[in-house]
There are 2 protein chains.
Amino acid sequence: MLGRLNHVAIAVPNIAAASAIYRETLGADVSEPQSLTDHGVTVVFVDLGNTKVELLEPLGESSPIAAFLEKNPSGGMHHICYEVEDIFKARDHLIKEGARVLGDGKPKLGAHGKPVLFLHPKDFCGTLVELEQSAA
Amino acid sequence: MLGRLNHVAIAVPNIAAASAIYRETLGADVSEPQSLTDHGVTVVFVDLGNTKVELLEPLGESSPIAAFLEKNPSGGMHHICYEVEDIFKARDHLIKEGARVLGDGKPKLGAHGKPVLFLHPKDFCGTLVELEQSAA
């Protein structure tokens, strides 16, 4: 079921400072910031060749990463996103295995315009897992 | 400077349980556990095609992940490992940029038999960063 690692998301308090760290200190290929109002984040993509890191800064009043940054003011790894071929098949298998899918269990359009689901960290080694369907 | 994402390390309290979650619940390609006495961890590799996740369970009295698991008893993402071509060149650049390299600044042989360095999380968005030289 599990496909490629799509991205690792790192929540950061300041996207300009985080971009400079990745671009200058680490010498990585870093995109310009994009504001994703619907998702409550500003995102910068760090292209690593085989996969990517996404730096996320809270955007707006109810950002989904605001609580995480309150607990981790310097930032930190927020979630890991794996690709699956068929998100509905993946969801049904996970529920059958007793794992908790967050929200109402209906895939939503994620930040890349593809259907995504989030899984409960307590069922996955303390790690917030995003599943993204590899085809839109 | 920054090359591919080599792995994401997830610290877990129980490697057998974590392996079952990745193998059965998530349907991933999971290796048998390997005890790395010198590194104080038992490791399982999750092959994701483009990169890998490493599940780490503490081994022995002074495991480098013991303190992390005391703070995060269910486990969690412990560090992220990026490849670099030349670890000495990378280190010198990082120090010039004002970033803190952990330990005495001398690369050690990592769990894959290649030279590695760890960087201070406070200088990298709250994330513990491992750099691994891509050639041994």
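Our structure is the block above this text.
Let us look at the structure shown here. All values derive from a computational prediction rather than experimental measurement. (Residues numbered from 1 in each chain as written. Chains lettered and ligands numbered in written order. Predicted model: local features only at pLDDT ≥ 70, side-chain atom pairs only at ≥ 80, totals over all residues. Heavy atoms only, no water.)

## As for the relation of the copies chain B and chain A
Laying chain B over chain A is done by rotating through 180° and shifting 0.0 Å along the axis; what remains is an RMSD of 0.0 Å. This pairing of chains is accounted for by a two-fold axis. Within chain B, the C-alpha atom positioned nearest to the axis of rotation is that of B:Asn50, 2.9 Å from it. Same-surface contact between copies: 100% of interface residues of chain B are shared with the interface of chain A. (Least-squares fit on C-alpha atoms with pLDDT ≥ 70 in both. Contact = heavy atoms within 4.5 Å.)

## Looking at the interface of chain B and chain A
Each side of the interface is counted separately: chain B has 39 residues, and chain A has 39 residues. In total, about 3,300 Å² of surface goes out of reach between chain B and chain A, with carbon and sulfur atoms giving 67% of it. Considering only the side of chain B, the residues that lose the most area to chain A are B:Leu26, B:Met77 and B:Cys125, jointly responsible for 21% of the buried surface there. Summed over the shared surface of chain B and chain A, the number is 0 salt bridges. Scanning the region where chain B abuts chain A turns up 17 residue pairs in polar contact (both at pLDDT 80 or more). Of all the elements in the fold, those that place two or more residues in the side of chain B that touches chain A are β1 (5-11), α1 (15-25), β6 (76-84) and α3 (87-96) of chain B. Looking at the side of chain B that touches chain A element by element, the count peaks at 6 residues for β6(B). Looking at the side of chain B that touches chain A residue by residue, the class counts come to 22 nonpolar, 13 polar and 4 charged. (Buried area = accessible area lost by both parts, 1.4 Å probe. Salt bridge = Lys/Arg side-chain N within 4 Å of Asp/Glu carboxyl O. Polar contact = N/O pair within 3.5 Å; in protein donor to acceptor, adjacent residues only side chain to side chain. Helix = DSSP H or I, 4+ residues; strand = E, 2+ residues; numbered from the N terminus. Nonpolar A, V, L, I, M, F, W, Y, C, P; charged D, E, K, R; others polar.)

## Section: the packing of aromatic side chains
The geometry of an aromatic ring pair comes down to the distance between the two centres and the angle between the two planes. The final tally for this structure, using the stated rule, is 2 aromatic pairs over all chains. Between A:Tyr22 and B:Tyr82 the ring centres are 6.1 Å apart and the planes differ by 90°, which places this aromatic pair in the edge-to-face class. Note that A:Tyr22 is positioned in helix α1 (residues 15-25) and B:Tyr82 in strand β6, a pairing that runs across two chains. Just as A:Tyr22 is buried, B:Tyr82 falls in that class too. (Phe/Tyr/Trp six-rings, centres within 6.5 Å; stacked < 30°, edge-to-face > 60°. Buried < 20%, exposed > 50% of the residue type's maximum accessible area, 1.4 Å probe, protein only.)

## Notes on the pattern of salt bridges
For the structure shown, the criterion picks out 10 salt bridges over all chains. For the salt bridge of A:Arg4 with A:Glu83, the shortest nitrogen-to-oxygen distance reads 4.0 Å. On the criterion of sequence distance, the pair formed by A:Arg4 in the segment before β1 (5-11) and A:Glu83 in strand β6 (residues 76-84) is long-range, its members being 79 residues apart. With a closest N to O distance of 3.1 Å, B:Asp104 and B:Lys108 form a salt bridge.

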